[in-house]
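An overview of the molecular structure
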Amino acid sequence: VVELAVADAVARLATDGLVDVVPQAGTFVARLSMTDIREGSFIREAIETAAAELVARQITDDQLRELRRNLLMQEALVSDDDQQGFMQLDGQMHDMILSYTGFPRLPHVSQTAWLNVHRARQLILPVEGRLQATLEEHRAILAALEAHDPQAARRAVQDHLRQLLTYLQPLERERPDLFLTQGPS
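Residues numbered from 1 in each chain as written. Predicted model: local features only at pLDDT ≥ 70, side-chain atom pairs only at ≥ 80, totals over all residues. Heavy atoms only, no water.

1. Some words on unusual backbone geometry
One non-glycine residue, Asp 81, adopts positive backbone phi at about 55 degrees. Considering the arrangement of structural elements, one finds Asp 81 in the loop between helix H3 (61-79) and helix H4 (83-99). Look at His 148: it is not a glycine, yet its phi comes out positive at around 55 degrees. Along the polypeptide, His 148 turns up in the loop between helix H7 (130-146) and helix H8 (150-174). (Helix = DSSP H or I, 4+ residues; strand = E, 2+ residues; numbered from the N terminus.)

And the structure:
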């Protein structure tokens, strides 16, 4: 039973592009694919910008309060240079905004599209100033939502999500060992 569960888990990881299974050799962490990252980024941007636009029109005071609290905790984690803690709260903030749309499956759909991107994201957080810049991007998103401005919310989310590729492209050149040389995984 345990062997079947492990086999199923490995098969799922392979399907998600997170591991490569090489018969007679083993299972290895898959290299990052810029094609997969661009696709995941495209899907996530489409979902999250539409969500931000919708949420800006209907966000409640209680929801804004939740987002402000999350942002205050993010600020504390940036001050402590706690990258992993910050990443968790970053994900929670995005999930909260998606959940405020009223579409319960939206956070899961977005996370599924973001699987490979999330791995790459972890490589750029240690870049000097990235945590603080991300915090500022989150502040812009919150400000647009507080203003109930759908277009500003869309732009703020779009600007935030597009930063990933800005940081990853130089990393792909500097660390080619982490990336596939061409095509999706």
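There's more to say after this.
2. Some thoughts on the packing of H4 against helix H5 (residues 106-113)
Two numbers describe how H4 lies on H5: the axes approach to 8 Å, and their chain directions differ by 135 degrees. Between H4 and H5, the crossing angle belongs to the class labelled oblique. Here H4 contributes Asp 95, Leu 98 and Ser 99 to the contact with H5, which in turn contributes Leu 106, Pro 107, Ser 110 and Gln 111. Among the residues forming the contact of H4 with H5, the class breakdown is three nonpolar, three polar and one charged. (Axes fitted to C-alpha atoms, helices over the stretch in contact; angles between N-to-C directions. Parallel < 35°, antiparallel > 145°, perpendicular 65-115°, else oblique. Contact = heavy atoms within 4.5 Å. Nonpolar A, V, L, I, M, F, W, Y, C, P; charged D, E, K, R; others polar.)

The values reported here are purely geometric and, on their own, carry no functional implication.
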